[in-house]
Amino acid sequence: MSGNFTIRPALPADIPELNELLYRAFDTQLRSDYPSEVLDRAVPLMGRARPELVISGTYFVAADTAGRLLGAGGWSKEPPHGGEADAHLGNIRHFGVDPVAARRGVASAIMAHVVRDAAGQGMTCLDCLSTLSAVGFYRSAGFEPLGGQDVMLGEGVPFPVIHMVRHLLRAKTDTAQAR
């Protein structure tokens, strides 16, 4: 339990509420960094839960004491836009926090859970395609920017992101070498 919420694996039954949460999160939080014409096309594509992530066991939700979802996020071995998976590279996926729960530690608690889970499953690095609005959050979570790029959403919707990376300690080996 963190604060007044718990973090648990996402369930298929969460999908309708996740759709609403992600849509609100992206529509609200991205407005200051992206033009309306980009968001009007991108948010309907981005603001939907990904069923394959929800059932993966590596996608998590934060729920308040009444069970209402406050945020979500996870990781996958598979890159978000296809391609070959790397045995030790995890990919941060679909983080979002309900605007009413913003700045209450929800995203940070989910990220800490994701990092522990990914490291526990042998990942030594996490890759992230951050929105322009979330760069500060990812920096505070230990990610370093590698540069900007456009991700194509749907049919020809270019969406600017910042490619970021975080290296994870290999539990026993790195700890022993650090001494």
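Figured I'd write up the structure that's included with this text.

What counts and what doesn't
Residues numbered from 1 in each chain as written. Predicted model: local features only at pLDDT ≥ 70, side-chain atom pairs only at ≥ 80, totals over all residues. Heavy atoms only, no water. 1 Å grid on protein atoms, 1.4 Å probe; cavity = no way out; pocket = protein on both sides within 12 Å on 5 of 7 lines; lining within 4 Å. Points joined across faces, edges and corners; volume = space filled by probe spheres on them. Helix = DSSP H or I, 4+ residues; strand = E, 2+ residues; numbered from the N terminus. Pairing = 2+ DSSP bridges. Axes fitted to C-alpha atoms, helices over the stretch in contact; angles between N-to-C directions. Contact = heavy atoms within 4.5 Å. Phe/Tyr/Trp six-rings, centres within 6.5 Å; stacked < 30°, edge-to-face > 60°. Expected span 1.5 Å × (residues − 1). Buried < 20%, exposed > 50% of the residue type's maximum accessible area, 1.4 Å probe, protein only. Core = buried A, V, L, I, M, F, W, Y, C linked by side-chain atoms within 4.5 Å. Salt bridge = Lys/Arg side-chain N within 4 Å of Asp/Glu carboxyl O.

### Here we look at the layout of surface pockets
Next, step 1: The space that makes up the largest pocket amounts to roughly 1,100 Å³.
Next, step 2: Along its surface, the largest pocket is lined by 38 residues, and Phe26, Phe95, Thr131, Ala134 and Tyr138 are the ones closest to its centre.
Next, step 3: Of all the elements in the fold, those that place two or more residues in the lining of the largest pocket are helix H1 (15-29), helix H3 (51-54), strand S4 (89-97), helix H4 (106-120), strand S5 (125-131), helix H5 (135-140), strand S6 (144-153) and strand S7 (157-167).
Next, step 4: Top element by residues in the lining of the largest pocket is S4. It accounts for six residues.

### Some points on the sheet that holds S6
Next, step 1: Reading across from one edge, S1-S2-S3-S4-S5-S7-S6 is the order of the seven strands in this open sheet, with mixed pairing throughout. Two strands bound the open sheet, and with one partner strand each, they are strand S1 (5-9) and S6. The average angle at which neighbouring strand axes cross in this sheet is 25 degrees, direction not considered.
Next, step 2: For S5 and S7, the ladder comprises seven bridges, and the chain directions are antiparallel. Bridge pairing in S7 places Thr131 opposite Val161.
Next, step 3: Relative to S7, helix H2 (residues 36-46) is tilted by about 60 degrees, and along the sheet it contacts S4, S5, S6 and S7.
Next, step 4: Relative to the sheet, H4 contacts S1, strand S2 (59-64), strand S3 (69-76), S4, S5 and S7, its axis offset from that of S3 by approximately 25 degrees.

### Some points on the packing of aromatic side chains
Next, step 1: The tally for this structure, following the rule as stated, stands at five aromatic pairs.
Next, step 2: With a centroid separation of 5.0 Å and 65 degrees between ring planes, the pair formed by Phe137 and Tyr138 is classed as edge-to-face.
Next, step 3: Ring geometry for Tyr138 versus Phe143: centroids 5.5 Å apart, planes at 80 degrees, classification edge-to-face.
Next, step 4: Following the ring pairs from residue to residue traces out a cluster consisting of Phe95, Phe137, Tyr138 and Phe143.

### Digging into H4
Next, step 1: Taking 1.5 Å per residue as the helical rise, H4 with its 15 residues ought to reach 21 Å, and the 21 Å between its terminal C-alpha atoms agrees with that figure.
Next, step 2: Those residues of H4 lying buried are Val106, Ala107, Ala109, Ile110, Met111, Val114, Val115 and Ala118.
Next, step 3: One or two residues past the end of H4 sits Gly122, with phi positive at roughly 90 degrees.

### Some remarks on the nonpolar core
For soluble globular proteins, the rule of thumb is that nonpolar side chains tend to be buried together.
Next, step 1: Counting 28 residues, the largest nonpolar core has Ile92, Val106, Met111, Tyr138 and Phe143 as the members making the most contacts within it.
Next, step 2: By residue number, the principal contributor to this core is H4, which donates eight residues.
Next, step 3: Ignoring sequence-local partners within four residues, the contact set of Ile92 consists of Gly74, Trp75, Met111, Val114, Leu126, Asp127, Cys128, Tyr138 and Phe143.

### With respect to the pattern of salt bridges
Next, step 1: Overall, the coordinates contain six salt bridges when judged by the stated rule.
Next, step 2: Two residues, Asp14 and Arg8, come together in a salt bridge whose shortest N-O distance is 2.8 Å.
Next, step 3: With relative accessibility at 8%, the residue Asp14 sits in the buried group.
Next, step 4: Each of Arg24, Asp64, Arg68 and Asp98 takes part in one network of salt bridges that share partners.

Keep in mind these numbers describe shape, not what the thing actually does.
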